Amino acid sequence: MTMTGARMVVKALEAEGVEVAFGIPGGTVVTLYDALYDAQFKHVLVRHEQAACHAADGYARASGKTGVCIATSGPGATNLVTGIANAAMDSVPLVVLTGQVLTSLIGTDAFQEADIFGATLPMVKHSFFVKNTEDLQRAIRGAFHIAGSGRPGPVLVDIPADVQRASGTFAYPPEVSFPGYDPKGKENLADLDLALDALLSASRPVLIAGGGVILGGAWDSLLRLAEEQGIPVVNSLMGKGAFPETHPLSLGLVGMHGMPWANLAVSGADLVIGVGTRFCERSTGRKDRYAPKARILHIDRDPAEIDKNIPATYRLVGDAKKVLDLLLEGTKGKCRERTKAGREAWHATIAEWRRAYPLQSTFPREELAPWGILAALRERAGKNMPVVTEVGQHQMWAAQHWTTEIPRNFITSGGLGTMGFGLPAAVGISLARSTPRGPAPVVCIAGDGSFLMNCQELDTIARYGLPVKIALFNNSSLGMVRQWQQLFWNERYSFTRTEGYDVGKLAGAFGIPARRVDSKADLAETASWLFDTEGPAVADFRIPQKDLVLPMVPAGAALDEFLHTIA
């Protein structure tokens, strides 16, 4: 079948089962957008290219499928860079389609020419520059294959305008392969017997659930192993949802703003089992004092992650689910008496830490408190509604206090920490979870600083009628930086406190209802209003600047050197 390159792109996306793409038209993709007019999938017009990438990112995280975004050349393409980097850091599968100037003009500093291929090389899993229609179909098939297999990540396909206009024969390849790329990776289970012996002999083991547990669909295997061996489980920020936080073995978040008992458990463990985690500095604290009494068993499908940050004692390279199932098979029904007694004492010690270090949420308070807001929203949302955060204090409060029981239901920018991620990501999440009744409700927890960075997407959620429930934690400051200034910079608040803005007027400009909340007495009623309102709605919660994210492990400190409270 003969067709234009632009039509080939659309047919290829249809062949890949794409349900929705996010983007903005422009000069070098006008031919592609003409072909999109007749596409069998949905296209969502966002208001900034970065938002297109974040929306595709949110869609991918919520659905487990590959997200797709589209931008024109030059500034359109460069606006995608932060979104691409964000997806790369959190291993999110994206296919990023960009227009490019005519092939005859490349290298001439033509209007809206930018080397997006070169600019994004450090942050993509792979890139394709398409020179003709013969290469176009293989490039798109390859992009989906590479983005979604192995360790997921973003793949760029840069398509010049003349390639989109040129005609050729459409014959979409059912399979592709690339020299040097093995999506299954090189499995290495040589340390399996040693790992099994270490697991059976450990008196104080701890499992760390990282984002790889969710990416690998290994949460059931993790649960079975933890229950079979009675091993407490902590989670990294990206691993939140990999293990139900209502489970008695769940210790919650570990790291800089982790639960005291989670950090103390890792610090006092004799075996740390890291599954799908890169042991980044936000999770480990001071690395030369990390888990000083423990042997480290690191499980990851990407061998590059093992020994990168924390030296491992035992290394198992492979699919997280397969490896966890092998550990379960090798330990099922086995528990040495000495080990059993040691683990009973271990659980008692952790229980004592829980009593010794209560969270801020347990203290009585008359003022509106961030943790109280989260509790009220979580009660109304229930366990099945997805939540996405922006980046800042509100993000860490949510990580601490929003109880998550289901994988892919707590979505946040972990590695890059991108302010402005949450609102556009909510667009993708709402569509990813659509039912025959329409787009799904999603909670967007935001701060007044992050919210402004992509607030133009209020227009997108309004135009498409997406039921995004925005909970704005408003302290008229860039709260996380202000917290660091308070604690470590002698209260020199350099450009972090603002005069605030009228959230109601901003939301109202797009026809979105909003309410301001100043009192704890109005919390329950506002939570009901937020979720009962049809379509999008904004609740502007005014919280004190004095509220800090605690506990906190200061930079350069060990995990057990956390600040619990501030007088």
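The rules behind the values
Residues numbered from 1 in each chain as written. Predicted model: local features only at pLDDT ≥ 70, side-chain atom pairs only at ≥ 80, totals over all residues. Heavy atoms only, no water. Core = buried A, V, L, I, M, F, W, Y, C linked by side-chain atoms within 4.5 Å. Buried < 20%, exposed > 50% of the residue type's maximum accessible area, 1.4 Å probe, protein only. Helix = DSSP H or I, 4+ residues; strand = E, 2+ residues; numbered from the N terminus. Contact = heavy atoms within 4.5 Å. Axes fitted to C-alpha atoms, helices over the stretch in contact; angles between N-to-C directions. Parallel < 35°, antiparallel > 145°, perpendicular 65-115°, else oblique. Left-handed = near helix turned anticlockwise from the far one by under 90°. Nonpolar A, V, L, I, M, F, W, Y, C, P; charged D, E, K, R; others polar. 1 Å grid on protein atoms, 1.4 Å probe; cavity = no way out; pocket = protein on both sides within 12 Å on 5 of 7 lines; lining within 4 Å. Points joined across faces, edges and corners; volume = space filled by probe spheres on them. Arc of directions from axis to C-beta. Phe/Tyr/Trp six-rings, centres within 6.5 Å; stacked < 30°, edge-to-face > 60°. Pairing = 2+ DSSP bridges. Polar contact = N/O pair within 3.5 Å; in protein donor to acceptor, adjacent residues only side chain to side chain. Expected span 1.5 Å × (residues − 1).

Observations concerning the nonpolar core
Thinking step 1. By size, the foremost hydrophobic cluster in this structure holds 52 residues, and its most contacted members are Phe22, Val388, Ile461 and Ile470.
Thinking step 2. In terms of residue count, the dominant contributor to this core is helix H3 (residues 49–63) (8 residues).
Thinking step 3. Residue contacts for Phe22: discarding those within four places in its chain leaves His43, Val44, Ala52, Ala55, Ala56, Tyr59, Val68, Cys69, Ile70, Val427, Gly428 and Leu431.
Thinking step 4. One finds Ala6, Ile140, Val163 and Tyr172 within the second-largest nonpolar core, a separate group that totals 37 residues.

A look at the packing of helix H16 (residues 370–381) against helix H17 (residues 393–401)
Thinking step 1. The geometry of H16 relative to H17 is characterised by a closest axis approach of 10 Å and an angle of 55° between their N-to-C directions. By the angle between their axes, H16 is oblique relative to H17. Where H16 crosses over H17, the handedness of that crossing is right-handed. Where H16 approaches H17, its residues Pro370, Trp371 and Leu374 are matched on the opposing element by Trp397, Ala398 and His401.
Thinking step 2. The residue inventory of the contact of H16 with H17, partitioned by class, reads 5 nonpolar, 1 polar and no charged.

Some points on the layout of surface pockets
Thinking step 1. Considered as a void within the structure, the second largest pocket measures approximately 400 Å³ in volume.
Thinking step 2. Lining the second largest pocket are 15 residues; nearest its centre among them are Gly438, Pro439, Ala440, Pro441 and Pro467.
Thinking step 3. In terms of residue class, the lining of the second largest pocket is made up of 7 nonpolar, 5 polar and 3 charged.

Some details on helix H11 (residues 219–229)
Thinking step 1. Along H11, the residues that are buried comprise Ser221, Leu222, Leu225, Ala226 and Gln229. Axial view of H11: buried residues confined to an arc of 130°, hence all on one face.
Thinking step 2. Directly after H11, the chain includes Gly230, whose backbone phi takes a positive value near 65°.

Considering the packing of aromatic side chains
For any pair of aromatic rings, the description rests on two quantities: the centre-to-centre distance and the angle between the ring planes.
Thinking step 1. In the structure shown here, the tally under the stated rule is 10 aromatic pairs.
Thinking step 2. Seen in terms of ring centroids, Phe473 and Phe541 are 6.3 Å apart; in terms of plane orientation they differ by 55°. Their pairing is tilted. Of this pair, Phe473 sits in strand E18 (residues 468–474) while Phe541 sits in strand E20 (residues 537–542), placing them 68 residues apart in sequence.
Thinking step 3. Of the residues examined, Phe473 reaches a relative accessible area of 3% and is grouped as buried.

Some remarks on the sheet that holds strand E3 (residues 42–45)
Thinking step 1. The strand order across the open sheet formed by 6 strands is E3-E2-E4-E5-E7-E6, and the pairing between neighbours is parallel. One side of each edge strand has no neighbouring strand; the edge strands of this open sheet are E3 and strand E6 (126–129). Put simply, the sheet's adjacent strands are angled 20° from each other on average, direction ignored.
Thinking step 2. Where strand E2 (residues 20–23) lies against strand E4 (residues 67–71), 2 bridges are found, and the strand directions are parallel. Directly across from Gly23, in E4, lies its bridge partner Ile70.

Topic: empty space enclosed by the protein
Thinking step 1. As enumerated under the stated definition, the model contains 2 cavities of 30 Å³ or more in all.
Thinking step 2. Put simply, the largest cavity is a space of about 50 Å³.
Thinking step 3. Residue lining of the largest cavity: Arg378, Gly382, Lys383, Met385, Trp402, Thr403, Thr404, Glu405, Ile406 and Asn409, and that is the complete set.
Thinking step 4. In terms of residue class, the lining of the largest cavity is built from 3 nonpolar, 4 polar and 3 charged.
Thinking step 5. Around the second largest cavity, the lining residues are Ile208, Ser236, Val254, Thr277, Phe279, Ser283 and Tyr290.

Brief notes about the side chain of Thr533
Thinking step 1. With respect to the helices and strands, Thr533 occurs in the loop between helix H23 (523–532) and E20.
Thinking step 2. At 2.6 Å, the side chain of Thr533 and the backbone oxygen of Trp529 are in polar contact.
Thinking step 3. With near-sequence residues (within four places) excluded, Thr533 lies in contact with Lys469 and Pro513.

Concerning H3
Thinking step 1. Over its 15 residues, H3 runs 21 Å from end to end, which matches the ideal 21 Å to within 8%, given 1.5 Å per residue.
Thinking step 2. Taking burial as the measure, the 15 residues of H3 include 14 buried ones, the bulk of the element.
Thinking step 3. Among the residues trailing H3, Gly64 stands out with phi positive, at a value near 80°.

Focus: the packing of H3 against helix H18 (residues 422–432)
Thinking step 1. With their axes 6 Å apart at the nearest point, H3 and H18 run at an angle of 40° to one another. By the criterion of interaxial angle, the relationship of H3 to H18 is oblique. Here H3 and H18 pass one another in a crossing that is right-handed. Of H18, the residues touching H3 (which contributes Ala51, His54, Ala55, Gly58, Tyr59, Ala62 and Ser63) are Pro424, Ala425, Val427, Gly428, Ile429 and Ala432.
Thinking step 2. Residue composition of the contact of H3 with H18, grouped by class: 9 nonpolar, 4 polar and no charged.

What about the sheet that holds strand E13 (residues 295–300)?
Thinking step 1. Strand order in the open sheet made by the 6 strands is E11-E10-E9-E12-E13-E14, with parallel pairing throughout. The open sheet has two edge strands, strand E11 (250–253) and strand E14 (314–317), and neither has a second partner. On average, each strand axis in the sheet is inclined to that of its neighbour by 15°, with strand direction left out of account.
Thinking step 2. Pairing between strand E10 (residues 233–235) and E11: 3 bridges, direction parallel. The residue of E11 that forms the bridge with Val234 is Gly252.
Thinking step 3. Most of the contacts of helix H12 (residues 260–268) go to E11, to which it runs at about 105°, and overall it touches strand E9 (205–209), E10, E11 and strand E12 (271–275).
Thinking step 4. The strands touched by helix H14 (residues 320–331) are E12, E13 and E14; relative to E13, the strand with the most contacts, the crossing angle is about 135°.

Focus on the environment of Glu561
Thinking step 1. Positionally, Glu561 belongs in the segment after E20.
Thinking step 2. Taking the C-alpha atoms as reference points, Glu561 and Leu264, 297 residues apart in sequence, are found 9.2 Å from one another.
Thinking step 3. Here the side chain of Glu561 touches Arg289 through a polar contact of 2.9 Å, side chain to side chain.

Purely geometric numbers; function is a separate question.
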